[in-house]
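Chains, contacts and geometry: an overview
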Amino acid sequence: MKQHEAITESIERQTRTHDRARAALLPILHDIQAEYGHVSEDAVRQIASALNLTRAEVHGVVSFYHDFRASPQPLPVLKLCRAEACKARGVEALVEGAERAAAGKVAIETVYCLGLCSVGPNAMVGKEVHARLDADKLNALIGAAA
Ligand code: FES
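Please read these numbers as outputs of a predicted model, since none were measured by experiment.

**Considerations on the pattern of salt bridges**
- A complete count under the given rule lists eight salt bridges for this structure.
- The residue E57 makes a salt bridge to R22 at a minimum N-O spacing of 3.4 Å. Of the two residues, E57 sits in helix 4 (residues 55-64) while R22 sits in the loop between helix 1 (3-17) and helix 2 (25-36), which places them 35 residues apart along the sequence.
- For E109, the salt bridge identified is with R69, shortest N-O distance 2.0 Å. With E109 in strand 2 (residues 107-111) and R69 in the loop between helix 4 and strand 1 (77-81), this residue pair connects regions lying 40 residues apart in the sequence.
- For E109, a relative accessible area of 17% corresponds to the buried category.
- We classify R69 as partly exposed; its relative accessible area is 21%.

Pasting the structure below:
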């Protein structure tokens, strides 16, 4: 399916399930981000037009939330949780080694909670969450993602 058609389908689906068009904006952006890895300027234009918003309003949401990107990330992404529970379970001691292992091969992004706080430190690659990480497991995960 072409991107324009996929965005149209998402807009139609999300505006059917949300009372106000504006409420559909975040779910639509999540759809586009999940499908294409970023929300392009063309997508922003199309969404703004369909929801009767300005491009600046849509762009503001894209740039405000960490989950959305305006351009594709060329590297595989590993999301490393650095919220309180994972901090308490030792994630900070893993960061420097992970960044060294990932350099130029994997993009490490900080996130704040992956919903498995009791079994941290946790990271996510694609849609899969990896728990109880130590330096060896995290490096292996980075190596597999590269
Ligand atoms: S704090 Fe890391 S998963 Fe919740």
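Moving on from the coordinates now.
**A few points about the packing of helix 2 against helix 3 (residues 41-51)**
- Contact geometry for helix 2 and helix 3: axes closest at 12 Å, N-to-C directions at 155°. As judged from the angle between their axes, helix 2 and helix 3 are roughly antiparallel. Of the two elements, helix 2 crosses helix 3, and the hand of that crossing is right-handed. Taken together, the residues of helix 3 that come into contact with helix 2 (itself represented by L25, I28, L29 and I32) are A43, I47 and L51.
- Taken together, the residues of the contact of helix 2 with helix 3 sort by class into seven nonpolar, no polar and no charged.

**What to know about the environment of Q14**
- Relative to the helices and strands, Q14 is located in helix 1.
- Along the primary structure Q14 and H38 are separated by 24 residues, whereas in three dimensions their C-alpha atoms are 18 Å apart.
- Filtering out sequence-adjacent residues up to four positions away, Q14 remains in contact with A24, P27, I28 and D31.

**With respect to the pairing of strand 2**
- Here strand 2 shows a buried face lined by A107, E109 and V111 and an unburied face lined by I108 and T110.
- In this sheet, strand 2 lies alongside strand 1 in parallel orientation, the contact comprising five bridges. The partner of C81 across the bridge, within strand 2, is V111.

**A closer look at the confidence of the model for the protein**
- Chain-level statistics for the protein give a pLDDT mean of 93 and a share of 99% at 70 or above.
- No element of the protein has a lower mean pLDDT than helix 1, at 88, and none a higher one than helix 5 (residues 84-88), at 98.

**Points about the pairing of strand 1**
- Taking burial as the measure, the five residues of strand 1 include four buried ones, the bulk of the element.
- Summarising the sheet, strand 1 and strand 3 (residues 123-125) pair through three bridges and their orientation is antiparallel. Note on strand 3: the bridge partner recorded for K79 is M124.

**Here's the deal with the packing of aromatic side chains**
- On inspection of all chains with the given rule, the structure shows two aromatic pairs.
- Judged by centre distance (5.0 Å) and plane angle (85°), the ring pair of F64 and Y65 falls under edge-to-face.
- Residue Y65 is classed as partly exposed on the basis of its relative accessible area, which comes to 36%.
- A centroid spacing of 6.1 Å and a plane angle of 80° characterise the contact between Y65 and F68, whose relative ring orientation is edge-to-face.
- For F68, a relative accessible area of 6% corresponds to the buried category.
- Members of the aromatic cluster, each reached through a chain of ring pairs, are F64, Y65 and F68.

About the criteria used
- Residues numbered from 1 in each chain as written.
- Predicted model: local features only at pLDDT ≥ 70, side-chain atom pairs only at ≥ 80, totals over all residues.
- Heavy atoms only, no water.
- Salt bridge = Lys/Arg side-chain N within 4 Å of Asp/Glu carboxyl O.
- Helix = DSSP H or I, 4+ residues; strand = E, 2+ residues; numbered from the N terminus.
- Buried < 20%, exposed > 50% of the residue type's maximum accessible area, 1.4 Å probe, protein only.
- Axes fitted to C-alpha atoms, helices over the stretch in contact; angles between N-to-C directions.
- Parallel < 35°, antiparallel > 145°, perpendicular 65-115°, else oblique.
- Left-handed = near helix turned anticlockwise from the far one by under 90°.
- Contact = heavy atoms within 4.5 Å.
- Nonpolar A, V, L, I, M, F, W, Y, C, P; charged D, E, K, R; others polar.
- Pairing = 2+ DSSP bridges.
- pLDDT = per-residue confidence, 0-100.
- Phe/Tyr/Trp six-rings, centres within 6.5 Å; stacked < 30°, edge-to-face > 60°.

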